[in-house]
Amino acid sequence: MGGAVRETLRAMARECSLPAALEAMGERWSFLILRGAFNGIRHFEEFQSELGIARNILANRLARLVEHGILARVPCADDRRKVEYRLTDKGHALLPTMVALRQWGERWETGVPASPILVDARDRKPIAPVTVQAQDGRVLGKGDLLWALPDEDAEEARAAE
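Keep in mind that this is a model prediction, so the values were computed, not measured. All chains use their own residue numbering, which begins from 1 and follows the written sequence. Only residues with pLDDT of 70 or above have their local features reported here, since the model is predicted, and side-chain atom pairs are shown and tallied only from 80 upward, although totals for entire chains, interfaces and linings are computed over all residues. As a rule here, side-chain values come from all non-hydrogen atoms in the structure, and water together with hydrogens is ignored.

## Some remarks on the overall build of the protein chain
Assigned secondary structure in the protein chain consists of eight helices and four strands. Along the protein chain, helices and strands appear, N-terminal first, in the series α-α-α-α-α-β-β-α-α-β-β-α. Residues classed as buried in the protein chain amount to 20% of the 161 residues present. For the protein chain, restricting intrachain contacts to residue pairs at least 6 apart in sequence, the fraction spanning at least 24 positions comes to 46%. Using a 1.4 Å probe, the Shrake-Rupley method yields the accessible areas, and only the shown protein chains count as cover for residues. Accessible surface computed for the protein chain: about 12200 Å², of which carbon and sulfur atoms make up 54%. Helix and strand assignments come from DSSP, with helices taken as H or I runs of at least 4 residues and strands as E runs of at least 2, each series counted from the N terminus. Buried residues are those whose accessible area, probed at 1.4 Å on protein chains only, stays under 20% of the maximum for their type, while exposed residues exceed 50% and partly exposed ones sit between those limits. Here, two residues are considered to be in contact whenever any of their heavy atoms come within 4.5 Å of each other.

Encoded structure:
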């Protein structure tokens, strides 16, 4: 990625959304809980059993995900004393991130495709790799990207007119 704004990255850290996203998600247990939620796990005991996570850590991570609006605590319809943890719209929006991390892990860490594989429900064919795309749909590589401040974009658009 280009270095046009490199000198100001330290100043941009206050406005960068990456630290806020990392604060919301925490660490690996949060991602594994999220993976479970995407796979239909909704109850504390199910998360605990499937992940083998200590109850206190699970309770902490679920509370953090609820606090950040990624999961919602919903009373169970059949027993109002129990709760379900359900993905919110904000939680569902993390799907591309989860898929991208999984694909990255397959390529760079394990070197083998994960099982089961993620397929399109319509044709049951494996999904394509997650990519960074331009507004017109072109796939962009690292040489096609650079950092620009929002006011620079407006100035360039006025200069092109």
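## Examining the pattern of salt bridges
Salt bridge, as used here, is a side-chain nitrogen of Lys or Arg placed within 4 Å of a carboxyl oxygen of Asp or Glu. On inspection of all chains with the given rule, the structure shows five salt bridges. As a salt-bridge pair, Arg-64 and Glu-23 come within 3.3 Å of each other at their nearest N and O atoms. Of this pair, Arg-64 sits in helix α5 (residues 55-67) while Glu-23 sits in helix α2 (residues 18-25); the two residues are 41 residues apart in sequence, bridging distant segments of the chain. A relative accessible area of 23% means that Arg-64 is categorised as partly exposed. In this structure, Arg-86 and Glu-84 form a salt bridge, with 2.5 Å as the shortest nitrogen-oxygen distance. Overall, the relative accessible area of 34% leaves Arg-86 in the partly exposed class.

## Let's talk about the environment of Gly-111
Secondary-structure assignment places Gly-111 in the loop between α7 (95-110) and β3 (132-133). Judged by relative accessible area, Gly-111 falls into the exposed class, the value being 53%. Ignoring any residue separated from it by four or fewer positions in sequence, one finds Gly-111 in contact with Gly-105 and Glu-106.

## Observations concerning the packing of helix α3 (residues 28-38) against α5
Remark: α3 packs on α5, axes separated minimally by 10 Å, with the N-to-C direction vectors making an angle of 75°. When the interaxial angle is binned, α3 and α5 end up roughly perpendicular. In this structure, α3 uses Trp-29, Ser-30 and Ile-33 to contact α5, whose residues at the interface are Ile-57, Leu-58, Arg-61, Leu-62 and Leu-65. Taken together, the residues that form the contact of α3 with α5 break down as six nonpolar, one polar and one charged. Only C-alpha atoms enter the line fits that serve as axes; for helices the fit covers just the stretch in contact. Angles between N-to-C directions range over 0 to 180 degrees. Angles are sorted into four bins: roughly parallel if under 35 degrees, roughly antiparallel if over 145, roughly perpendicular if 65 to 115, and oblique for all others. For this scheme, ten residues count as nonpolar: Ala, Val, Leu, Ile, Met, Phe, Trp, Tyr, Cys and Pro. Four count as charged, namely Asp, Glu, Lys and Arg, and the remainder, Gly too, count as polar.

## A closer look at unusual backbone geometry
Cis geometry is adopted by the peptide bond preceding Pro-116, which originates at Ser-115 and carries an omega value of 0°. The phi torsion at Arg-124 lies on the positive side, around 60°, for a residue other than glycine. Checked against the element boundaries, Arg-124 lands in the loop between α7 and β3. When its relative accessible area of 65% is taken as the criterion, Arg-124 is described as exposed.

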